[in-house]
Amino acid sequence: QVQLVESGGGLVQAGGSLRLSCTASGSTFSINRMGWYRQAPGKQRELLASISRGGTTNYADSVKGRFTISRETDKNTVYLQMNSLKPEDTAVYFCNAVVGYREVDYWGQGTQVTVSS
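Note that this is a predicted model, so its numbers are computed, not measured.

(A) Local environment of the overall build of the protein. Of the regular secondary structure elements, the protein holds zero helices and 11 strands. Against the 2.2 N^0.38 benchmark of 13 Å for 117 residues, the protein shows a C-alpha radius of gyration of 14 Å, consistent with a compact globule. Principal-axis analysis of the C-alpha atoms gives the protein an extent of 45 × 25 × 25 Å. Of all 117 residues assigned to the protein, the portion counted as buried reaches 42%.

Dropping the structure here:
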């Protein structure tokens, strides 16, 4: 079992920045990779960025060059630095962990990000 707690959402003006944090607890040694998703009203949940156990990162085209995923392994924490935010980035952002050989998904509770124009 893995528990994920997110923080850092809020309201920001277009062009601004926010940093989201996600701290994992429980069986963190079993985490294969972690990632950030978002879901806007009426839309499907979208994978934004991921980081593997070995540190390999991947980004969706929609955020490449603006968002950066990073981690502090000793704190079991993953970050999403979001720069040059746009109103279309408004969504609930979720932290995800893929755990174990069965690749089970665990999710955080979500944090709201609102970008005003």
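(B) Quick peek at the sheet that holds strand 3 (residues 18-26). Pairing is antiparallel in the open sheet, where four strands are placed in the order 1-3-8-7. Each having just a single partner strand, strand 1 (2-7) and strand 7 (67-72) make up the two edges of the open sheet. Neighbour-to-neighbour, the strand axes of this sheet turn through a mean angle of 20°, independent of strand direction. Note: strand 3 against strand 8 (residues 77-82), six bridges, orientation antiparallel. The residue bridging leucine 18 from the neighbouring strand is methionine 82, located in strand 8.

(C) View of the pattern of salt bridges. Per the counting criterion, the structure on display carries six salt bridges. The shortest N-O distance in the salt bridge between arginine 38 and glutamate 46 comes to 3.0 Å. Arginine 38 gets classed as buried once you look at its relative accessible area, which sits at 8%. For the salt bridge of aspartate 89 with arginine 66, the shortest nitrogen-to-oxygen distance reads 2.8 Å. In this pair, aspartate 89 is assigned in the loop between strand 8 and strand 9 (91-99) and arginine 66 in the loop between strand 6 (57-59) and strand 7, connecting sequence segments 23 residues apart. The same class applies to aspartate 89 and to arginine 66, which are both buried. Salt bridges linked by common partners bring Arg38, Glu46, Arg66 and Asp89 together as one network.

(D) Looking closely at the pairing of strand 7. In this sheet, strand 8 lies alongside strand 7 in antiparallel orientation, the contact comprising six bridges. Following the sheet pairing, arginine 71 is matched in strand 8 by valine 78. Taking the residues that link successive antiparallel strands as the turn, the strand 7-strand 8 hairpin has four residues, and the phi of asparagine 76 there is positive, at about 50°.

(E) Just the nonpolar core, in detail. Leu4, Met34, Leu80, Met82 and Tyr93 are the most contacted members of the largest nonpolar core, which totals 30 residues. When residues of this core are traced back to their parent elements, those giving at least two are strand 1, strand 3, strand 4 (31-39), strand 5 (46-52), strand 7, strand 8, strand 9 and strand 11 (111-116). For methionine 82, the residues in contact, after removing those within four places along its chain, are Gly16, Ser17, Leu18, Leu20, Arg66, Phe67, Tyr93 and Val113.

(F) View of the environment of cysteine 95. Along the polypeptide, cysteine 95 turns up in strand 9. When the C-alpha atoms of cysteine 95 and threonine 114 are compared, they prove to be 17 Å apart, with 19 residues separating the residues in sequence. Every residue in contact with cysteine 95, bar those within four places of it in the chain, is listed here: Leu4, Glu6, Cys22, Met34, Gly35, Trp36, Tyr106, Trp107 and Gly108.

Rules behind the numbers
- For every chain, the first residue of its written sequence is number 1, and the numbers climb from 1 along that sequence.
- Reporting in this predicted model follows two pLDDT cut-offs: at least 70 for local features of residues, and 80 or more for side-chain atom pairs to be given and counted; totals over whole chains, interfaces and linings ignore these cut-offs and use all residues.
- No hydrogens and no water enter the side-chain calculation; it runs on all heavy atoms of the structure.
- A run of DSSP states H or I qualifies as a helix once it reaches four residues; a run of E qualifies as a strand once it reaches two. Both are numbered from the N-terminal end.
- Throughout, radius of gyration means the C-alpha value; the globule benchmark is 2.2 Å times the number of residues raised to the power 0.38.
- A 1.4 Å probe rolled over the protein chains alone gives each residue an accessible area, and that area as a share of the maximum for its type sets the label: buried under 20%, exposed over 50%, partly exposed in between.
- Pairing between two strands requires that DSSP report at least two bridges joining them.
- Axis definition: a line fitted to C-alpha atoms, limited for helices to the stretch in contact. Angles are taken between N-to-C directions and run from 0 to 180 degrees.
- By definition, a salt bridge exists where a carboxyl oxygen of Asp or Glu is found within 4 Å of a side-chain nitrogen of Lys or Arg.
- The nonpolar core is taken to be a set of buried Ala, Val, Leu, Ile, Met, Phe, Trp, Tyr and Cys residues, with the residues joined through side-chain atoms within 4.5 Å.
- What makes two residues a contact is simply this: any of their non-hydrogen atoms within 4.5 Å.

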